[in-house]
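# Geometric and topological summary
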Amino acid sequence: MIRILSVFFALAVALSACAPAPAQYGSDGKALPRAYKISNRDTGKIQFRMLDSVNALRNASGRAPVELNAQLNAAAATHSQDMARQNRPWHFGSDGSSPIDRIARVGYAGQLVGETISETYESELETLAAWMEQPDTRRVILSEDARNMGFAWTQESNGKIWWTMVMGN
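Quick caveat, the model's predicted, so the values are computed rather than measured. (Residues numbered from 1 in each chain as written. Predicted model: local features only at pLDDT ≥ 70, side-chain atom pairs only at ≥ 80, totals over all residues. Heavy atoms only, no water.)

For any two helices packed against each other, the geometry comes down to the angle between their axes and how far apart the axes lie. At a minimum axis separation of 10 Å, helix 2 (residues 43-60) and helix 5 (residues 124-133) run at an interaxial angle of 30°. Taken together, the axes of helix 2 and helix 5 are roughly parallel relative to one another. Between helix 2 and helix 5 lies a crossing whose hand is right-handed. Residues Ile46, Arg49, Met50, Ser53, Val54 and Leu57 of helix 2 form the contact with helix 5, whose participating residues are Glu124, Leu125, Leu128, Trp131 and Met132. Residue composition of the contact of helix 2 with helix 5, by class: eight nonpolar, one polar and two charged. (Axes fitted to C-alpha atoms, helices over the stretch in contact; angles between N-to-C directions. Helix = DSSP H or I, 4+ residues; strand = E, 2+ residues; numbered from the N terminus. Parallel < 35°, antiparallel > 145°, perpendicular 65-115°, else oblique. Left-handed = near helix turned anticlockwise from the far one by under 90°. Contact = heavy atoms within 4.5 Å. Nonpolar A, V, L, I, M, F, W, Y, C, P; charged D, E, K, R; others polar.)

Buried residues dominate strand 4 (residues 161-168), accounting for eight of its eight residues. Here strand 4 shows a buried face lined by Ile161, Trp163, Met165 and Met167 and a second buried face lined by Trp162, Thr164, Val166 and Gly168. Taken together, the eight bridges between strand 2 (residues 112-120) and strand 4 define a ladder with antiparallel strand orientation. By the bridge assignment for strand 4, leucine 112 is matched with glycine 168. Sheet topology places strand 3 (residues 148-155) next to strand 4; eight bridges connect them, and they run antiparallel. When the sheet's bridge partners are listed, methionine 149 is paired in strand 4 with methionine 167. From the end of strand 3 to the start of strand 4, which pair antiparallel, there are five residues, and glycine 159 there has a positive phi angle of about 100°. (Buried < 20%, exposed > 50% of the residue type's maximum accessible area, 1.4 Å probe, protein only. Pairing = 2+ DSSP bridges.)

In spatial order, the strands read 1-3-4-2; together these four strands make up an open sheet with mixed pairing. Looking at the sheet topology across the chains shown, the edges are occupied by strand 1 (67-68) and strand 2. Lying over the sheet, helix 2 contacts strand 1, strand 3 and strand 4, oriented at roughly 135° with respect to strand 3. Lying over the sheet, helix 5 contacts strand 2, strand 3 and strand 4, oriented at roughly 120° with respect to strand 2.

Among all positions in helix 5, only Glu124, Thr127, Leu128, Trp131 and Met132 are buried. The buried residues of helix 5 occupy an angular sector of 140° when the element is viewed end-on, so they sit on one face. Those residues of helix 5 that are buried lie in contact with helix 2, strand 2, helix 6 (135-141), strand 3 and strand 4. (Arc of directions from axis to C-beta.)

Structure follows, in C-alpha cells:
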C-alpha cells in the first residue's frame, strides 16, 4: 500500500511540474505579458511558422506564395543584430546601410520589395498580426511583387526581440 501511495505521490509531483506557471495579473485585472523565450533549436520552426502564416495571409488576399530565401534570411539577421546594438528599431544600419545595401551585401540577385521591423517581447505571430494592422507593413507583406522572404531576429537576455522580415522578388 505504501508503495502505491509513493508512486501516486511521485506521479503527482512530476505532473505538477508540467503545469504551466499561473498567470500574473496587473492592477487593471489583465494578464501581464510573459517574455517569449526563443532557443536556438526553435529557429527553423519559427521561420517556417512565419512563412506558413504569411502565405496563408497572401493566399487569402489572392497573392502568390513566397519562399524563404537564405540570403534574405542573412540580411534580416544582420539587421536584427544591428538594431539590438543600436537599441532602436529603424531601417538604417549603424553604418548608414539601407535594406537595399544589406540585400546586395549578401548577394541577393533580386530586388527589394520591402522590409518590416519590430522591437517587442511578443511572438512572431503576434508581431505579424501587429504588422498586418499597419498599412505600410501590410503592403510589404501582401505585395504582388514579392516572391522571396527573409525572416530573422535577435533576442536579448531580458527577452526583448528584434524582428526583421525582408521581402524580395
